[in-house]
Amino acid sequence: MTDHPFANITFQQFLDNFKASMKRAYHRDEKIDVFCSTRGIPAPVLTELMSTNPLALTIPRAYGGFGGNVKQNTAFISAASYESLALSLTLGINNALFLQPFTKYGQDAAKPHVYKRFLNNQSMGGLMITEPGFGSDALNMQTSVTEKEGKFHLQGKKHWQGLTGMAEFWLLTGRRKTETGSLMRDVEMFMCDVNAPNQQIKVDEYYENLGLYQIPYGLNHLDVQLPEQNRLIPQTTGVKMLLDLLHRSRFQFPAMGLGFIQRMLDEAITHAQARLVGNKNLFEYDQVQNRLARLQANFTICSAFCVKSGEVADIENDLFPLGLEANIIKTVTTDMMQESSQSLLQLVGGKGYRLNHIAGRSTVDSRPFQIFEGSNDILYHQIADAFLKLMKNAKETKLYNYLKTYTPSIFERLRDLTSFELDFQLAQRKLVDFGQVVSRIYSMQLVAEMADKGFRNDLTENALDVLRQEIATLINNFRLENKTLVVPDYGAKSYWFDL
Ligand SMILES: Cc1cc2nc3c(=O)[nH]c(=O)nc-3n(C[C@H](O)[C@H](O)[C@H](O)COP(=O)(O)OP(=O)(O)OC[C@H]3O[C@@H](n4cnc5c(N)ncnc54)[C@H](O)[C@@H]3O)c2cc1C
């Protein structure tokens, strides 16, 4: 197959070509400011970014793509997020939310046309799950699917889809309507090509998203008729297919996290070394060192997550059963992204509080990662539930004892902190606290495993120390009683001026 477009290109060359295109797009023209406050991507920048065909990466080789695996996708998206978080999310949406699930569950008859459009016309794809009334409660979505004369008719409203009005291909989710008009429990997925007859998706409204200006969001009106070949075929149920998709995507969050956090770290170090405050470099202040060390620990932890994703998240694997690990990696990555940008903003001071400064821009751009693809509050709750179930099955009530098997590389470091009996009847706020504890403990395990593989030791030891401190604080919080409830009607006797 010498005429294959990627026959003579190694992954490293493909990545280097893409990095060079980002340099040209983002650094060549002084007038093009990627952190500027205009929306969308200027046409010349988009043309430059697409010039090396980055979306070919995860398209199967048999269809003319590069055929990259999850490890390569992680390295690729991470390189993008060092330059632009919005660009890396754009690639993430295309690869993890459209191409990977379409490749795994799409029908062969539908594939050649779609891949060709991606490869030759720079077409893009996205995923529609969220509806105005059903976000966190997505499985109760109201988009209906009715089958008539070999066509599937989807009707409903979807909102907040990344690449709204820009992507030409979508994976749509809905529930089959029964003859009585009610909706079945299982979710079905279909590929929609907005250029095909009866498949146009009308955008009712574009949103003024707070950040990520380069990505359009909005409210979509679905009333499309799709042929049988556009249906995605689950291996068991549609819900399991959707969770396999979502877990794989969550496993790839560290790809967006790593480059972003590394950029925050590099910017923070450069700034702290250059800025003089009181005749001293910021870099020399102890609290500044504390912030920089935490930022660097975030870089190390996120690297450990990337190693794990590369090992387990390829599309051949069924990730439905790996919800606990996927949710831990998603929540901790996104919390670290937000913490890192907040820390950079603190260090830069007033100058950073501008939309067109990387610190201010990154703070708003990284915030929604804690909300989309599973709100972190809910995911921490689910992490705690799943972990407590494992402990119950093992008939273990003492956290430390269970860690001996769950996190064998690091449990000894946590002996004093975790030698207590767990109460399995926890209020939701305590489950969220406990989910945060479990997440940081598992993060320590992954950092230790990465150290064993040869990652530099000073960084992993620092990261383990930082995580241990965080776990101490979180456990303290978890074990403190807290039952406060909001007072809804608090108007009377609560105005200080009357006292
Ligand atoms: C920038 C951005 C990009 C997005 N991209 C996409 C996309 O590409 N495709 C797509 O389909 N959707 C996308 N979304 C939508 C996103 O997935 C939803 O916003 C998210 O699932 C939350 O749903 P919601 O907004 O309806 O909030 P709600 O479901 O109303 O939840 C709001 C908050 O309520 C709290 N809450 C909710 N339920 C519980 C509970 N059981 N226990 C405790 N607290 C709870 C949590 O704090 C939660 O954050 C995106 C959103 C944003 C902001």
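The rules behind each value
Residues numbered from 1 in each chain as written. Predicted model: local features only at pLDDT ≥ 70, side-chain atom pairs only at ≥ 80, totals over all residues. Near = placed C-beta within 6 Å. Helix = DSSP H or I, 4+ residues; strand = E, 2+ residues; numbered from the N terminus. Nonpolar A, V, L, I, M, F, W, Y, C, P; charged D, E, K, R; others polar. Contact = placed C-beta atoms within 7 Å. Buried ≥ 20, exposed ≤ 12 C-beta atoms within 10 Å, placed from the backbone. Domains from an automatic or database assignment. Core = buried A, V, L, I, M, F, W, Y, C linked by C-beta atoms within 7 Å.

A.B. asks: Account for the site of the ligand, naming residues and giving values.
C.D. replies: Taken together, 19 residues form the shell around the ligand, and within it Thr-130, Gly-135, Ser-136, Trp-160 and Ser-375 come nearest. Of all the elements in the fold, those that place two or more residues in the shell around the ligand are strand S1 (125-128) and helix H11 (376-393). Looking at the shell around the ligand, the element that brings in the most residues is S1, giving 3 residues. When grouped by side-chain class, the residues that make up the shell around the ligand number 10 nonpolar, 7 polar and 2 charged.

A.B. asks: Tell me about the environment of Gln-214, and name the residues and values.
C.D. replies: Within the element layout of this structure, Gln-214 appears in the loop between strand S6 (202-206) and strand S7 (218-227). In this structure, the C-alpha to C-alpha distance between Gln-214 and Ala-86, residues 128 residues apart in sequence, is 6.1 Å. The contacts of Gln-214, once residues within four sequence positions are left out, are Gly-40, Ile-41, Ala-86 and Leu-87.

A.B. asks: Can you explain the environment of Pro-197? Please cite residues and give values.
C.D. replies: With respect to the helices and strands, Pro-197 occurs in the loop between strand S5 (188-193) and S6. For Pro-197, a count of 8 C-beta atoms within 10 Å corresponds to the exposed category. In sequence terms Pro-197 and Gln-225 are 28 residues apart; their C-alpha atoms lie 8.4 Å from each other.

A.B. asks: Go over the domain arrangement of the chain, please, and point to the residues and values.
C.D. replies: When its domains are assigned, the chain resolves into domain 1 (11-121), domain 2 (127-236) and domain 3 (242-479). Averaged C-alpha coordinates put domain 1 and domain 3 at centres separated by 26 Å. Tallying the contact residues gives 26 residues for domain 1 and 25 residues for domain 3. Looking at the side of domain 1 that touches domain 3, the elements that each hand over two or more residues are helix H3 (70-83) and helix H4 (85-105). Among the elements that take part in the side of domain 1 that touches domain 3, H4 stands out by supplying 11 residues, more than any other. A breakdown of the residues in the side of domain 1 that touches domain 3 according to their chemical character gives 13 nonpolar, 10 polar and 3 charged.

A.B. asks: Run through the pairing of S5, naming residues and quoting values.
C.D. replies: The buried fraction of S5 amounts to 6 of the 6 residues, a majority that puts the element mostly inside the structure. Neither face of S5 is open: one carries Glu-188, Phe-190 and Cys-192, the other Met-189, Met-191 and Asp-193, and all of them are buried.

A.B. asks: Any chance you could break down the nonpolar core for me, citing the residues and the numbers?
C.D. replies: Core analysis: the biggest nonpolar cluster contains 135 residues, and Leu-171, Leu-172, Phe-190, Met-191, Cys-192, Ile-261 and Ile-301 have the highest contact counts within it. With 12 residues, the single largest contributor to this core is H4. Look past the residues within four positions of Leu-172 in its chain and what remains in contact with it is Met-128, Leu-154, Met-189, Phe-190, Cys-192 and Leu-222.

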